[in-house]
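Descriptive analysis of the structure
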Amino acid sequence: MSIASPLFSPLPTSLDYVRLSGDELVERIQARKRHLNAVILGHNYQRTEIQDVSDFLGDSLGLSQEAADTDADVIVFCGVHFMAETAKVLSPGKRVLMPDLRAGCPMADFVTGTALRRLMDQHPDAAVVAYVNSTAEVKAEADICCTSSNAVRVACSIPDDQPILFVPDKNLANYVAEQTGRKNIIAWEGYCYVHDDMVMEELDRARAAHPGALVVVHPEARSELLEAADAVTSTAGMVEMAEEHDELIIGTERGLVDRLAQRYPHKTFVPLSGAAICGNMKLNTLAKLAWSLDHEQYEVTLDEDIRVRAERSLRRMLDLSGGWQAPSDEERRLELAGVRPHGCGCA
Ligand code: 13P
Ligand code: SF4
């Protein structure tokens with residue numbers, strides 16, 4: 001079927017896409033993706049049918065690396081807004097689309113650039129670490145970003161005696177403090193409603209029902225759950241653990257658990273909490289994805305000054321293997337003038 005076929009002319013309203021069958025939507029998505037030279041990036045919490053059509057599926061770190069490296073002209077991001085923004089920051093020359101602009105991350109919205117600057121004024125010597133679950137405006141203020149995969153490593157790259165302002169997740173900040181032994185981490189009070197709502201009673205119940213299972217929990221969960229878990233890791237780390245183990249109790253969003261159970265039907269993967277569902281991630285549907293590709297909507301755009309400064313802190317994270325040093329006054333001056341500094345991993 002060619003793209004010139006009437007089947008692939010954009011349909012007038014989003015309702016027309018809802019009326020198509022799953023197979024028709026997938027066919028349309030594939031054809032349109034080829035036509036636009038687009039790549040579909042999907043987070044591990046996406047609905048299974050979206051995961052099935054994603055060219056790359058992963059955690060926040062893997063997705064940002066993929067966004068930085070892709071040769072595609074268009075990135076369609078099936079995740080939440082900060083992830084699509086991150087893709088735009090790292091790939092400014094590409095068009096970045098989201099199937100539903102309302103798919104935001106409530107944790108990211110706990111902190112704004114203005115509120116962060118106020119805290120920075122109170123702690124002028126502190127390094128600012130922004131969890132990637134934050135807006136580009138907040139990343140622009142940060143010295144370095146981190147994800148759940150590399151938060152401990154990022155903290156270790158900052159001198160021991162330098163205080164750290166860690167935004168916006170208090171649970172991840174506490175985990176990093178506990179892992180590194182640092183007493184100088186000042187945590188923002190934000191949290192993820194999906195992970196913070198998981199409680200010990202649920203963990204105990206799951207363990208009693210599956211005494212042979214290992215318990216793995218995402219670091220956005222509360223400290224008592226992290227202490228009780230056998231392992232703490234990102235969603236990509238959980239996917240790796242599922243390859244190696246036959247029985248796991250998984251403390252994160254259900255989308256990941258359902259997909260693992262589907263992929264390994266002979267293994268036992270149970271959600272630590274059946275209620276752990278991120279409604280924001282689930283706003284993306286196959287019908288909206290097809291609509292997004294057909295209508296080339298909704299495009300994510302960024303103020304260039306914010307983008308350049310956010311890129312600096314993201315590149316530092318991606319470039320961590322070379323270690324991290326506070327930017328010199330000259331580097332800061334060049335950044336403010338919109339000139340990319342050398343030696344920070346910028347393309
Ligand atoms: P990961 O980076 O582990 O995929 O986590 C992202 C996220 O939003 C968790 O709630
Ligand atoms: Fe944000 Fe939590 Fe949803 Fe992740 S699971 S996108 S942190 S609200």
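Residues numbered from 1 in each chain as written. Chains lettered and ligands numbered in written order. Predicted model: local features only at pLDDT ≥ 70, side-chain atom pairs only at ≥ 80, totals over all residues.

**Some points on the overall build of the protein chain**
Counting its regular elements, the protein chain contains 17 helices and twelve strands. A compact globule built from 347 residues should have a C-alpha radius of gyration of about 20 Å, and the protein chain, at 21 Å, falls within 12% of that. Across its three principal axes, the protein chain shows a C-alpha extent of roughly 65 × 60 × 30 Å. Per-residue burial for the protein chain yields a buried fraction of 47% across its 347 residues. Put simply, of all contacts in the protein chain between residues at least 6 apart along the chain, 66% involve residues at least 24 apart. (Helix = DSSP H or I, 4+ residues; strand = E, 2+ residues; numbered from the N terminus. Rg over C-alpha atoms; globule rule 2.2 N^0.38 Å. Buried ≥ 20, exposed ≤ 12 C-beta atoms within 10 Å, placed from the backbone. Contact = placed C-beta atoms within 7 Å.)

**Overview of the site of ligand 1**
Looking at ligand 1, the residues that line it are Asn-44, Asp-59, Ser-60, Asn-133, Thr-147, Ser-148, Cys-192, Glu-220, Ser-234 and Thr-235. Here the residues of the shell around ligand 1 sort into one nonpolar, seven polar and two charged. (Near = placed C-beta within 6 Å. Nonpolar A, V, L, I, M, F, W, Y, C, P; charged D, E, K, R; others polar.)

**Here's the deal with the sheet that holds strand β3 (residues 74-78)**
An order of β2-β1-β3-β4 is seen for the four strands of this open sheet, with the pairing classed as parallel. Of all strands in the sheet, those bounded by a partner on one side alone are β2 (56-58) and β4 (95-97). Along the sheet, successive strands turn relative to each other by an average axial angle of 20°, direction set aside. Where helix α4 (residues 60-69) meets the sheet, its contacts fall on β1 (38-43), β2 and β3, and the angle it forms with β2 comes to roughly 150°. (Pairing = 2+ DSSP bridges. Axes fitted to C-alpha atoms, helices over the stretch in contact; angles between N-to-C directions.)

**Examining the domain arrangement of the protein chain**
What the domain assignment reports for the protein chain is domain 1 (14-103 + 281-301), domain 2 (108-191) and domain 3 (198-271). Measuring from the centre of the C-alpha atoms in domain 1 to the corresponding centre in domain 2 gives 29 Å. Of all the secondary-structure elements, those providing two or more residues to the side of domain 1 that touches domain 2 are α4 and α5 (81-90). No other element matches the four residues that α5 contributes to the side of domain 1 that touches domain 2. When grouped by side-chain class, the residues that make up the side of domain 1 that touches domain 2 number three nonpolar, three polar and two charged. (Domains from an automatic or database assignment.)

**A few points about the site of ligand 2**
Of all residues adjacent to ligand 2, which total 13 residues, the nearest are Cys-105, Met-107, Cys-192, Val-194 and Cys-278. When its residues are assigned to classes, the shell around ligand 2 shows nine nonpolar, two polar and two charged.

**Notes on the confidence of the model for the protein chain**
For the protein chain, the average pLDDT comes to 91, and 90% of its residues sit at 70 or higher. When the criterion is pLDDT under 50, residues 321-328 qualifies, and its contacts beyond four places in sequence or with other chains add up to eight contacts. Of the regions scoring below 50 in pLDDT, residues 331-347 engages in 19 contacts with residues more than four places distant in sequence or in other chains. (pLDDT = per-residue confidence, 0-100.)

**Points about helix α15 (residues 286-295)**
Each full turn of the α-helix corresponds to 3.6 residues, which orients residues three or four apart in the same direction. Among the ten residues of α15, nine are classified as buried, and the element is accordingly described as predominantly covered. Among the residues of α15, those classed as buried are Leu-286, Ala-287, Lys-288, Leu-289, Ala-290, Trp-291, Ser-292, Leu-293 and Asp-294. Looking at the buried positions of α15, the neighbouring elements they touch are α1 (14-18), α2 (22-36), β1, α3 (48-53), β3 and β4. Positive phi shows up at Glu-296, right after α15, with a value of about 50°.

**Thoughts on the sheet that holds strand β5 (residues 127-131)**
The strand order across the open sheet formed by four strands is β6-β5-β7-β8, and the pairing between neighbours is parallel. Looking at which strands have only one partner, the edges of the open sheet turn out to be β6 (144-146) and β8 (185-187). For this sheet the average axis-to-axis angle between neighbouring strands, irrespective of direction, equals 30°. Inspection of the sheet shows β5 paired to β6 by three bridges, in the parallel sense. Bridge assignment links Tyr-131 to a residue of β6, and that residue is Cys-146. Strand contacts of helix α16 (residues 304-318): β5 and β6, with the helix running at about 60° to β6, the strand carrying the most contacts.

**Some words on α16**
Look at α16: 20 Å from first C-alpha to last across 15 residues, which is about the 21 Å you get at 1.5 Å a residue. In terms of burial, α16 is a largely internal element, eleven of the 15 residues being buried. Every buried residue of α16 is accounted for by Arg-307, Val-308, Arg-309, Ala-310, Glu-311, Arg-312, Ser-313, Leu-314, Arg-315, Arg-316 and Met-317. (Expected span 1.5 Å × (residues − 1).)

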